[in-house]
Amino acid sequence: MRQLEGKTAIITGASSGIGREAARLFAEQGAKLVLVARRRSELDRLADEIRDDGADAVAVAGDVKDADVARDAVRIAIEHFGGLDVALNNAGTTGAQIPLPEMTMELWHEVLDTNLTSAFHAAKHQIPAMLARGGGSMIFTSTFVGYTVGFPGMAAYAASKAGLIGLMQVIAAEYGPQGIRANALLPGGTDTPMGRAVSNTPEALAFVKGLHALKRLATPREIAQAALFLASDASSFTTGTALLVDGGISINRT
Ligand code: NAP
């Protein structure tokens, strides 16, 4: 039995990296997918690949900062697939890495709106749809940054991602009695376009790898596997948690 057989999932940030890999994995496990990101061409290519493999996916191209995109994703999940069971709210940006006094309000809002306010928009529309199904699983991709580690230059990123954990905890408490589970997924350094942009020289890459106890970055597949755990009934008693999948970066001192 596949782990997401008969389930419908929204995945944001599906055009690249962790979201793209999660889409492939969720589809392999039987989920029908609504794929969200700004780059339509990438989403269409992914949806074609998923359909070629015998699963089903619909693309919603748009900016997660836009509340209408969150509404449309849920509407399309209901219209195309009959409802919503799983949401992997994963789209994110690091923003510019600069000292806090140099950060403009525009930069602050770009990161907070993309990473945190987007999750508010998403939850507003996803919760009623999941309640109509008798429950569901909401996953918010956060990070170790701002949770167990403070990285210089990442104030907006850390604040937005820590904010996701607070939002997730309230959803878990508020809607647990009605069968909705909510969890945050906290990856370590992961080999994606975002991960490579942060470690953009051989020296920076070696430094970032060395921060992890495992002395390497995660593959997107390794993080997607953790998302699958949180999405599926394998985690049926897991809610309100911040799940570190960080290669030991949070405990490593070597
Ligand atoms: P990635 O490959 O750069 O993917 C980021 C995804 O977010 C893309 O699909 C991008 O799509 C989408 N996105 C960004 N801004 C968006 C917006 N305004 N509206 C809609 N979609 C938007 O990065 P990734 O590493 O997979 O990151 C996925 C998540 O993991 C992020 O939340 C990130 O913070 C978190 N994370 C990553 C790492 C790491 O080391 N890579 C570590 C910890 C946590 P479009 O450009 O097509 O819009």
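This text goes with the structure placed above it.
Residues numbered from 1 in each chain as written. Predicted model: local features only at pLDDT ≥ 70, side-chain atom pairs only at ≥ 80, totals over all residues. Heavy atoms only, no water.

Caption draft 1: The arrangement of the site of the ligand in detail. Around the ligand sit 30 residues, and of these Ser-16, Arg-38, Tyr-157, Lys-161 and Thr-192 come closest. Note that an oxygen atom of the ligand is positioned 2.8 Å from one of the backbone N or O atoms of Ile-18. Met-194 places a polar main-chain atom, nitrogen or oxygen, 3.5 Å from an oxygen atom of the ligand. In the complex, 93% of the free accessible area of the ligand, which totals 880 Å², lies under the protein chains. Cavity membership is defined here by more than half of the atoms lying within 2 Å of grid points; on that basis the ligand lies in the largest pocket. Among the secondary structure elements, those contributing two or more residues to the shell around the ligand are helix 1 (17-28), helix 5 (155-175) and helix 6 (193-198). Counting residues per element, the shell around the ligand draws most heavily on helix 6, at three residues. The class makeup of the residues in the shell around the ligand is nine nonpolar, 16 polar and five charged. (Near = heavy atom within 4 Å. Polar contact = N/O pair within 3.5 Å; in protein donor to acceptor, adjacent residues only side chain to side chain. Areas by Shrake-Rupley, 256 points an atom, 1.4 Å probe, with all protein chains shown as cover. 1 Å grid on protein atoms, 1.4 Å probe; cavity = no way out; pocket = protein on both sides within 12 Å on 5 of 7 lines; lining within 4 Å. Sits in = over half its atoms within 2 Å of the grid points. Helix = DSSP H or I, 4+ residues; strand = E, 2+ residues; numbered from the N terminus. Nonpolar A, V, L, I, M, F, W, Y, C, P; charged D, E, K, R; others polar.)

Caption draft 2: Expanded view of helix 8 (residues 220-231). With twelve residues, helix 8 extends 16 Å between its outermost C-alpha atoms, agreeing within 8% with the 16 Å of an ideal straight helix rising 1.5 Å per residue. Inspection of helix 8 places Pro-220, Ile-223, Ala-224, Ala-226, Ala-227, Leu-228, Leu-230 and Ala-231 among the buried residues, and these make up the whole buried set. Looking at the packing, one finds that the buried side of helix 8 touches helix 1, strand 4 (86-89), strand 5 (136-141), strand 6 (180-187) and strand 7 (242-245). (Expected span 1.5 Å × (residues − 1). Buried < 20%, exposed > 50% of the residue type's maximum accessible area, 1.4 Å probe, protein only. Contact = heavy atoms within 4.5 Å.)

Caption draft 3: The packing of helix 1 against helix 8, seen in detail. Helix 8 packs onto helix 1 with a crossing angle of 55° between their chain directions and a minimal axis gap of 8 Å. For the element pair helix 1 / helix 8, the angle class is oblique. Helix-helix and strand crossings are classified by hand; for helix 1 and helix 8 the assignment is right-handed. Listed contacts from helix 8 to Gly-17, Ile-18, Glu-21, Ala-22, Leu-25, Phe-26 and Glu-28 of helix 1 are Pro-220, Arg-221, Ile-223, Ala-224, Gln-225, Ala-227, Leu-228 and Ala-231. Tallied by class, residues from the contact of helix 1 with helix 8 come to ten nonpolar, two polar and three charged. (Axes fitted to C-alpha atoms, helices over the stretch in contact; angles between N-to-C directions. Parallel < 35°, antiparallel > 145°, perpendicular 65-115°, else oblique. Left-handed = near helix turned anticlockwise from the far one by under 90°.)

Caption draft 4: Region of interest: unusual backbone geometry. In this structure, Lys-215 takes a positive phi of about 60° despite not being glycine. Here Lys-215 lies in the loop between helix 7 (202-211) and helix 8. Residue class for Lys-215 comes out partly exposed when judged on its relative accessible area of 41%.

Caption draft 5: Molecular detail of the layout of surface pockets. Within this model, the largest pocket holds a volume of roughly 1,000 Å³. Lining the largest pocket are 49 residues, and of these Gly-92, Thr-94, Thr-192, Met-194 and Gly-195 lie nearest its centre. Among the secondary structure elements, those contributing two or more residues to the lining of the largest pocket are helix 1, helix 4 (105-132), helix 5, helix 6 and helix 7. In the lining of the largest pocket, the residues fall into 20 nonpolar, 23 polar and six charged. Approximately 150 Å³ is the volume found for the second largest pocket. Lining the second largest pocket we find 13 residues, and of these Lys-7, Gly-135, Gly-136, Ser-137 and Asp-233 sit closest to its centre. (Points joined across faces, edges and corners; volume = space filled by probe spheres on them.)

Caption draft 6: Fine view of the pairing of strand 6. Among the eight residues that make up strand 6, eight are buried, leaving the element largely enclosed by the rest of the structure. In strand 6, alternate side chains face the same way, and those of Ile-180, Ala-182, Ala-184 and Leu-186 on one face and Arg-181, Asn-183, Leu-185 and Pro-187 on the other are all buried. One ladder, built from six bridges, connects strand 5 with strand 6; its direction is parallel. What sits directly across from Thr-141, in strand 6, is Leu-185. (Pairing = 2+ DSSP bridges.)

Caption draft 7: Inspection of the pairing of strand 3 (residues 56-61) at higher detail. Across six bridges, strand 2 (residues 32-37) lies against strand 3 in parallel orientation. Across the sheet, the residue bridging to Lys-32 is Asp-56, located in strand 3. Each parallel crossover has a hand, and for strand 2 linked through helix 2 (residues 40-52) to strand 3 it is right-handed. (Right-handed = clockwise from strand over helix to strand, strands pointing away.)

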